[in-house]
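What follows is the residue order along each chain.
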Amino acid sequence: MIEQSSSKFMGMLAILLLVTTPLTVLPHQAHAASSTGVMIALYTYPDSTWDVVAQAKSAHPSVPVVAIINPNNGPGSSRDSNYVSGIQKLHAAGVVVLGYDATGYASNSASSVKSVMDTWKSLYDIDGIFFDEMANWSGPESYYSGLTSYAKSLGYTMTVGNPGTDTLPSYIGTVDNLMIYENPGLPPISALQSWHTSYDKSNFSMIAFGVNSISTSFLSSASNYVGYIDLTNDVLDNPYDTVPPYFGTLVADLDTGSAGPTAPQAPTGLTANSVSTSQINLSWTAPSNNGGSAITGYEIDRSTNAGSTWSTLVANTASSSTSYSNTGLAAGTSYTYRVSAMNSVGTSTVSNTASATTSIVVTVPQTPTGLTASAISQSQINLSWSAPSNNGGSAITGYKIEQSTNSGSTWSVILSNTGSAGTTYSNVGLAASTAYTYRVSAINSIGTSGPSGTVSATTTSTTVLTAPQPPTGLTDSVVSSSQINLSWTAPSNNGGSAITGYQIDRSLNGGSTWGTLVSNTGNVGTTYSNTALVANTAYAYRVSAINSVGTSAASNTASGTTLAVSSSSTVSIAVNSANLAGVSFTGMWVELHASNGTTLATGYTPVTFKVASGNAYTIVSSNYQNYVFNHWNDGTTTTSKTITPTQNTVLTEFYSSGQVSLKVKTVDLSGNVISGLWTTLVSGGTTIQTGYTTKTFTVTTGNQYTVTVSNYQNYVFDHWSDGNTNPDRIITPTQATTLVAYYQS
């Protein structure tokens, strides 16, 4: 169906003119004696045209009227108050309102189509979804069944699919209604018969534009085969931006008088409110249309998995009351509900869904777990534990700590309430060489848990060994353009265990980040020479001491800059980055390594390193997001490149940049755009994408593809924009590309 503010009709016309061979099918059901209504594409802004639709429905309440609205090729991104009030007026008159959602002939991802449904749900109170651009060939049936199921899970009561032409019987049931004709002029009655007569007419609808007057004989015949008819005198390029002057007459001509009672409309405004740990109260609004027969009760369904599956809670309340209390529920559990109205004729469709979660039962917490005790000194034992896995429904506010000096025979409270949710405690002032046993209880607003398991520890009789204190007095001495010497003083306190070595860290950015230069010197020496450095470069250092217990904190930092060297002995290595088309870009991370693997310098492209002539260096490139290293300018494909420069050198790293767009346009020989011609994209002998022009494919840079355009009726391919006359165009894109195919007509 023509989208609002759009005229993409050539592609639609190609689909509309498809001829589908009817399949032999088994009869589905007998025809129901139901009224044929009007399904209007109401693509006008809410104004007096909407009032015409509402007034026609109000004047003929027995005629079903469905209005498809389309604020912006779908719902748009924000709520329009005029649409909100317009929808309310339509609903008040009894008009069913559907929202526009294009499926791209099953090429749009199901997730994107569902996202549009979600947006409709969040912005406007509509009744269902109109799936435009519906496929009509075998294969996508499950795609549309899944979309309908999702729509119903959101509370929508009606789905319509628009192939705009005849389709296959296998599409029956994938949506509630199929639009089997959308074309200028009235269809022959035979087009509405065929295999369709084996199914109830409520499965089908049609729309004809460019119709200047109503044919009552056509309405009389067509009403036997379709559930909805729309006629308009409007024409291309958008026949749906007006309401025909004879709309009221069309509705009146379809009014066959009172059709007798029907099942009621669905209840609305269902809410669910949690009252306690075991009760949720429901409330809803009775249907605005009871179908001509008084409401006699309601069916209430419940789900415990957010609506994935449902069970009947109450088959019939046998009352017109619009509230219900669901009792005997589990505490802390989420329940979802829906309601259907009942009258003497039958049961309505379901209401919106509503969810609520019962409150939880608050109790004292479970016991803490994982209690440990560690002797720190002659007079201190540290405790640690894990909070209860269940706090009883009330936050932990503290812990009670008990101590025993006779292995748990008797207990004394050393802290009645820690007053915090912290799970550690230091018990100080203890006797040396003494065993202590502990247990811990959790506290919340209700009370105190039972005690945890017990744990024991014995205070020491000697000083406990620890990691050493940090070294002090770290200094650096710049020796040359490639060497800095370090010196420091051993810690004044070795933690009770002899120093066995030192860890040396180095920073290339003034101490913002650090890397380990030497993880363990393996000796007690307090000097170190850092060689193979880059001339005229700043380096920062810090040192940590190591003993049998562990590693100390870091010392003070010391910084130095290597000496500059004469220009005759210094050369530059410049590193640039470019895509596979040779176009330069910036910002790729590059590292300069010495021959021993030490990182000497880093930077983002373009970057230039000053190095000593004749020394060996390794340049290491990196990937970033969709930029993937491909090769160096000499063809080398490894990310690391070793070089021994004796003169200034420029290196270029080439990157593939992931995916780019490949657009295919079709024009006549005068350059006027023609849309709706079939295009195929093939890679490696396999068809990977298809569509109607103008079509944009997403492809991978550096891969080879074949683009093929097709003829249609009097449109015959002539040449590509580069003069190539073969309709199969081979291309290896490295950037966004547009191909133009010229056609004779």
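Each chain carries its own residue numbering, running from 1 in the direction its sequence is written. This being a predicted model, a pLDDT of at least 70 is required before a residue's local features are given, and a value of 80 or more before pairs of side-chain atoms are given or counted; all residues contribute to the totals for chains, interfaces and linings. Side-chain metrics rest on all non-hydrogen atoms present in the structure, leaving aside hydrogens and water.

Asker: Quick rundown of the environment of Lys695? Include the residues and the values.
Answerer: Labels follow the DSSP assignment, with helices taken as runs of H or I lasting at least four residues and strands as runs of E lasting at least two, numbered in each case from the N terminus. Structurally, the position occupied by Lys695 is in strand β43 (residues 695-700). Each C-alpha atom, one on Lys695 and one on Thr598, is 52 Å from the other, the two residues being 97 residues apart in sequence. Setting aside residues up to four positions removed in sequence, Lys695 forms contacts with Leu662, Lys663, Val664 and Thr690. Throughout, a contact is declared for two residues whenever any of their heavy atoms are within 4.5 Å.

Asker: Can you break down the sheet that holds strand β20 (residues 424-427) residue by residue, with the values?
Answerer: DSSP-based pairing: two strands are paired if at least 2 bridges between them are found. Ordered in space as β16-β17-β20, the three strands form an open sheet in which the pairing is antiparallel. Of all strands in the sheet, those with a lone pairing partner are β16 (369-375) and β20, marking the two edges. The mean angle between the axes of side-by-side strands here comes to 15°, regardless of whether they run parallel or antiparallel. Where β16 lies against strand β17 (residues 381-386), five bridges are found, and the strand directions are antiparallel. Each residue of the ladder has a partner; that of Ala375, found in β17, is Ile381. Axis angles are defined between N-to-C directions and span 0 to 180 degrees, where every axis is a line fitted to C-alpha atoms and, for a helix, only to the segment in contact.

Asker: Provide a residue-level description of unusual backbone geometry, including the pertinent values.
Answerer: For residues that are not glycine, phi is negative in most cases, and the peptide bond is trans in most cases. Omega for the bond connecting Leu236 with Asp237 falls within 30 degrees of zero, at 20°, which places this linkage in the cis form. Looking at the element boundaries, Asp237 is found in the loop between β8 (228-231) and α8 (247-253). In this structure, the amide linkage connecting Thr693 to the following residue, Thr694, adopts the cis form with an omega of -5°. Relative to the assigned elements, Thr694 resides in the loop between β42 (686-692) and β43. Notably, Ala106 is not glycine yet its phi reads approximately 75°, a positive angle. Within the secondary structure, Ala106 sits in the loop between β3 (96-102) and α4 (110-123). Residue classification places Ala106 among the partly exposed residues on the basis of a relative accessible area of 24%. Backbone geometry places Ser433, a non-glycine residue, at a positive phi of 55°. The buried label applies to any residue whose accessible area, calculated with a 1.4 Å probe on protein chains only, is under 20% of its type's maximum; exposed applies above 50%, and partly exposed to all values in between.

Asker: Account for the packing of aromatic side chains, with residues named and values stated.
Answerer: Between two aromatic rings, the relevant description is the distance of the centres plus the angle of the planes. Note on aromatic pairs: the rings of Phe, Tyr and Trp (six-membered ring only in Trp) are paired at centre separations within 6.5 Å, and the planes decide the class, stacked below 30 degrees, edge-to-face beyond 60, tilted for the rest. Summed over all chains, the structure comprises 24 aromatic pairs. The interplanar angle of 70° and the centroid separation of 6.3 Å between the aromatic rings of Tyr105 and Tyr692 together place this pair among those described as edge-to-face. Of the two residues, Tyr105 is situated in the loop between β3 and α4 and Tyr692 in strand β42; the sequence distance between them amounts to 587 residues. Geometrically, the ring pair formed by Trp678 and Tyr692 is edge-to-face, given 4.9 Å between the ring centres and 70° between the ring planes. Of this pair, Trp678 sits in strand β41 (residues 678-683) while Tyr692 sits in strand β42, and the two are 14 residues apart along the sequence. Under the relative-accessibility criterion, Tyr692 is labelled partly exposed at 23%. When the ring centre of Tyr156 is taken as reference, the NZ or CZ atom of Lys121 above it lies at 5.2 Å. As a reminder, the over-ring test applies to NZ of lysine and CZ of arginine, requiring each to be within 6 Å of the ring centre and within 35 degrees of the ring normal.

Asker: Can you lay out the nonpolar core for me, pointing to particular residues and giving the numbers?
Answerer: Counting residues in hydrophobic clusters, the biggest one holds 59 residues, and the most contacted among them are Leu90, Met117, Ile126 and Met206. Aside from chain neighbours lying at most four places away, what touches Met206 is Met179, Tyr181, Pro187, Leu192, Phe218, Val226, Tyr228, Ile229, Asp230 and Leu231. What we call a nonpolar core is a set of buried Ala, Val, Leu, Ile, Met, Phe, Trp, Tyr and Cys residues that are connected through their side-chain atoms within 4.5 Å. Formed by 35 residues, the second largest nonpolar core is a distinct cluster that contains Tyr502, Val518, Val534 and Ile643.

Asker: Which residues make up empty space enclosed by the protein, and what values go with them?
Answerer: Points on a 1 Å grid over protein atoms alone make up a cavity when a 1.4 Å probe fits among them but cannot get out, and a pocket when they form an open set with protein on both sides within 12 Å along at least five of seven lines; lining residues each have an atom within 4 Å of a point. Grid points are joined across faces, edges and corners, and a volume is the space filled by probe spheres set on the points. All chains considered together, the criterion is met by one cavity of 30 Å³ or more. Here the largest cavity is characterised by a volume of approximately 30 Å³. Forming the walls of the largest cavity are Ile40, Ala41, Asp230, Thr232, Pro239, Tyr240, Thr242 and Pro244. The class makeup of the residues in the lining of the largest cavity is five nonpolar, two polar and one charged. Only Asp, Glu, Lys and Arg are considered charged, only Ala, Val, Leu, Ile, Met, Phe, Trp, Tyr, Cys and Pro nonpolar, and every remaining residue, Gly among them, polar.

Asker: I'd like to hear about the sheet that holds strand β24 (residues 484-489), residue by residue, with values.
Answerer: Here we have three strands laid out as an open sheet, ordered β23-β24-β27, and antiparallel in their pairing. Both edges of this open sheet fall to β23 (472-478) and β27 (527-530), since each of them pairs with a single strand only. On average, each strand axis in the sheet is tilted by 15° relative to the strand beside it, whichever way the strands run. Sheet topology places β23 next to β24; five bridges connect them, and they run antiparallel.

Asker: Please set out the packing of helix α2 (residues 48-59) against helix α3 (residues 81-93) residue by residue, giving values where relevant.
Answerer: Two elements in contact, α2 and α3, have axes separated by 8 Å at closest approach and are oriented at 15°. The angle between α2 and α3 falls in the class roughly parallel. α3 is crossed by α2, and the crossing has left-handed handedness. Along its contact with α2, which presents Trp50, Asp51, Val53, Ala54, Lys57 and Ser58, the element α3 presents Tyr83, Gly86, Ile87, Lys89, Leu90 and Ala93. Along the lines of polarity and charge, the residues of the contact of α2 with α3 split into seven nonpolar, two polar and three charged. The cut-offs work like this: below 35 degrees is roughly parallel, past 145 is roughly antiparallel, 65 to 115 is roughly perpendicular, and the gaps in between are oblique. Helix crossings fall into two classes, left-handed where the near helix is turned counterclockwise from the far one by less than a right angle and right-handed where it is turned clockwise.

Asker: Go over the confidence of the model for the protein chain, please, and point to the residues and values.
Answerer: For the protein chain, per-residue confidence averages 89 on the pLDDT scale, and residues scoring 70 or more make up 94% of the total. Per-residue confidence from the predictor is reported as pLDDT, which spans 0 to 100. When mean pLDDT is compared element by element in the protein chain, strand β2 (residues 65-69) scores highest at 97, while helix α1 (residues 9-16) scores lowest at 35. Across residues 4-33, confidence stays below pLDDT 50; counting only partners more than four residues off in sequence or on other chains, it has 70 contacts.

Asker: Explain helix α5 (residues 141-153) to me, using residue names and the numbers behind them.
Answerer: What a helix should span is 1.5 Å times the count of its residues minus one. Its 13 residues place the ends of α5 19 Å apart at the C-alpha level, agreeing with the 18 Å of an ideal helix rising 1.5 Å per residue. Considered for burial, the residues of α5 that qualify are Glu141, Tyr143, Tyr144, Leu147, Thr148 and Ala151. For α5, the arc enclosing every buried residue in end-on projection is 165°, short of the 170-degree limit, so these residues lie on one face. Along its buried surface, α5 packs onto α4, β4 (128-132) and β5 (158-161). By definition, the arc is the one covered by directions from the helix axis to the C-beta atoms.

Asker: Account for the pattern of salt bridges, naming residues and giving values.
Answerer: Throughout this description, the term salt bridge denotes a Lys or Arg side-chain nitrogen within 4 Å of a carboxyl oxygen of Asp or Glu. Per the stated rule, a full pass over the model turns up six salt bridges. Between Asp301 and Arg338 there is a salt bridge, with its nearest N and O atoms 3.1 Å apart. In this pair, Asp301 is assigned in strand β11 (residues 297-303) and Arg338 in strand β14 (residues 334-342), connecting sequence segments 37 residues apart. Residue class for Asp301 comes out buried when judged on its relative accessible area of 4%. Here Asp634 ties to Lys641 by a salt bridge, and the two come within 2.5 Å at their closest N and O atoms. Lys641 sits in the buried class, given a relative accessible area of 12%.

Asker: Break down the pairing of strand β15 (residues 354-357) for me, citing the residues and quoting the values.
Answerer: Here β15 shows a buried face lined by Ala354 and Ala356 and an unburied face lined by Ser355 and Thr357. Bridge count for β14 against β15 is four bridges, and the pairing is antiparallel. Considered in β15, the bridge of Ser334 is made with Thr357.

Asker: Give a detailed account of the side chain of Thr358, specifying residues and quantitative values.
Answerer: Inspection of the secondary structure assignment puts Thr358 in the loop between β15 and β16. A distance of 2.5 Å separates the side chain of Thr358 from the backbone oxygen of Ala330, its partner in a polar contact. Polar side-chain contacts of Thr358 include one of 3.0 Å to the backbone nitrogen of Thr333. Ignoring any residue separated from it by four or fewer positions in sequence, one finds Thr358 in contact with Ser274, Ser276, Thr277, Ser278, Gln279, Ile280, Leu329, Ala330, Ala331, Gly332, Thr333 and Tyr335. In protein, a polar contact requires one atom able to donate a hydrogen and another able to accept it; more generally it is a pair of N or O atoms within 3.5 Å, and residues adjacent in sequence count only if both atoms are side-chain atoms.

Asker: I'd like a rundown of the packing of α4 against α5, residues and numbers included.
Answerer: When two helices pack together, their arrangement is given by the angle between the helix axes and the distance between those axes. Look at α4 against α5: their axes get within 11 Å of each other, and the N-to-C directions meet at 25°. When the axes of α4 and α5 are compared, the pair comes out roughly parallel. As α4 packs across α5, the resulting crossing turns out to be right-handed. Taken together, the residues of α5 that come into contact with α4 (itself represented by Ala110, Val113, Lys114, Met117 and Asp118) are Tyr143, Gly146, Leu147, Tyr150 and Ala151. In terms of residue class, the contact of α4 with α5 is made up of seven nonpolar, one polar and two charged.

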